[in-house]
Amino acid sequence: MKSTLLKVSLIASAMVVSSSLLAADKGMIAIITPSHDNPFFKAEAEGAKAKALELGYTTLVASHDDDVNKQNQLIETAIARKAKAIVLDNAGADATVGPLEKAKAAGIPTFLIDREVNKTGIAVAQIVSNNYQGAQLGATKFAKLLNGKGEYVELLGKESDTNSGVRSQGYHDVLDDFADLKMVAQQSANWSQTEAFSRMETILQKHPNIVGVISGNDTMALGAEAALKSAGKTNVIVVGFDGSDYVRDSILKKSNIKATVLQPGWAQAQMAIEQADYYLKNGKAQKEEKQLMDCVLIDETNASKLKVFNLSE
């Protein structure tokens, strides 16, 4: 009996090893995002990796840190290592076109998330948040929190990033309709928390009476909040964009940050992997190239349901 049980156990073990090897045979997917210091990009990478492993692929996860040259080197590495597909949150709408064309020429399909490029037909999919719709949600909440009046500041993201301009346009298409709302400063902090802190310190010296800050992302919103607290300004309203857990905590603690806009980074990344898997199995795209996902306003009414850029029911 013991001999029989041992044989069964060995067969079961062999099956596990065999299925693991079979899974690895599906090949490697390269997952390239901006810096994981930003929790949104970290969530993208983790979401994509989890789905890829679930579907039986190995992964190469790397960050380009918004450095175009580094991004190009990482794409070259993916090509050299014969990646089955590349999932990319890119470092520049124009600068990324050439590297994507190289990947396509090498027979490697690319699936873009979060940020678009300024050309169609070179990526299989461009899955992005509806940044304009989301920005309008955030601006509407911001105006309501300020009762439609007062001086405010806007912190812009990286100016070469399409999302930065789209979000700013969405903000202003709402806020510019309020005659008693006056933007006294508009500066780029390049999506950075430390830069946002520094910018806000300088802005506050010149404009000490501001009542609000609207930010192109949550990381800059957190930097602005830190600068406001340092200056003893606890009543200045801050609204962000992304839907990070850190901002969720600020909202729940009733700190300066009162709202943010959730873009479903985790879901986008997993969708990109699923579409890559479909493409590799069927030799064609599962959906149209340009795909928009609507954003959701996060405030005190639903912040407790937010976790890792995903809103529970």
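Definitions and limits used
- Residues numbered from 1 in each chain as written.
- Predicted model: local features only at pLDDT ≥ 70, side-chain atom pairs only at ≥ 80, totals over all residues.
- Heavy atoms only, no water.
- Pairing = 2+ DSSP bridges.
- Helix = DSSP H or I, 4+ residues; strand = E, 2+ residues; numbered from the N terminus.
- Axes fitted to C-alpha atoms, helices over the stretch in contact; angles between N-to-C directions.
- 1 Å grid on protein atoms, 1.4 Å probe; cavity = no way out; pocket = protein on both sides within 12 Å on 5 of 7 lines; lining within 4 Å.
- Points joined across faces, edges and corners; volume = space filled by probe spheres on them.
- Nonpolar A, V, L, I, M, F, W, Y, C, P; charged D, E, K, R; others polar.
- Expected span 1.5 Å × (residues − 1).
- Buried < 20%, exposed > 50% of the residue type's maximum accessible area, 1.4 Å probe, protein only.
- Arc of directions from axis to C-beta.
- Salt bridge = Lys/Arg side-chain N within 4 Å of Asp/Glu carboxyl O.

Attention shifts here to the sheet that holds strand S2 (residues 58–63). Sheet strands pair by backbone hydrogen bonding; their relative direction is either parallel or antiparallel. Taken together, six strands build an open sheet; the order of strands is S2-S1-S3-S4-S5-S11 and the sheet is parallel. Since the sheet does not close on itself, it has two edges, and those belong to S2 and strand S11 (290–293), each with one partner. Along the sheet, successive strands turn relative to each other by an average axial angle of 15°, direction set aside. Across six bridges, strand S1 (residues 28–33) lies against S2 in parallel orientation. Bridging from a neighbouring strand, Met28 pairs with Thr58 of S2.

The next subject is the layout of surface pockets. In this model, the largest pocket occupies a volume close to 190 Å³. What lines the largest pocket is simply Pro34, Ser35, Asp37, Asn38, Phe41, Asp65, Asp66, Asn190, Trp191, Ser192, Gln193 and Thr219. Split into classes, the residues belonging to the lining of the largest pocket amount to three nonpolar, six polar and three charged.

With that out of the way, let us pick up helix H7 (residues 193–206). With 14 residues, H7 should reach 20 Å at 1.5 Å per residue; the first-to-last C-alpha distance of 20 Å fits that figure. Buried within H7 we find Ala196, Met200, Ile203 and Leu204. Considered in projection along H7, the buried side chains sweep an arc of 100° and stay on one side of the axis. Residues Thr194, Gln205 and Lys206 are exposed on H7 and point more than 90 degrees away from its buried face.

Another aspect to go through is the pattern of salt bridges. Evaluated as defined, the whole model comprises 17 salt bridges. Of the charged contacts, one joins Asp277 and Lys26 as a salt bridge, the two residues approaching to 3.4 Å between their closest N and O atoms. Within this pair, whereas Asp277 is found in helix H10 (residues 265–282), its partner Lys26 is found in the loop between helix H1 (2–24) and S1, the two being separated by 251 residues in sequence. Here Asp277 falls in the buried class, since its relative accessible area comes to 7%. Residue Glu274 pairs with Lys51 through a salt bridge whose shortest N-O separation is 3.4 Å. Here the residue Glu274 occupies a position in helix H10, and Lys51 occupies one in helix H2 (residues 39–54), the gap between them amounting to 223 residues. Each of the salt bridges in this network shares a partner with another, and the network as a whole consists of Asp66, Asp89, Asp114, Arg115 and Asp161.

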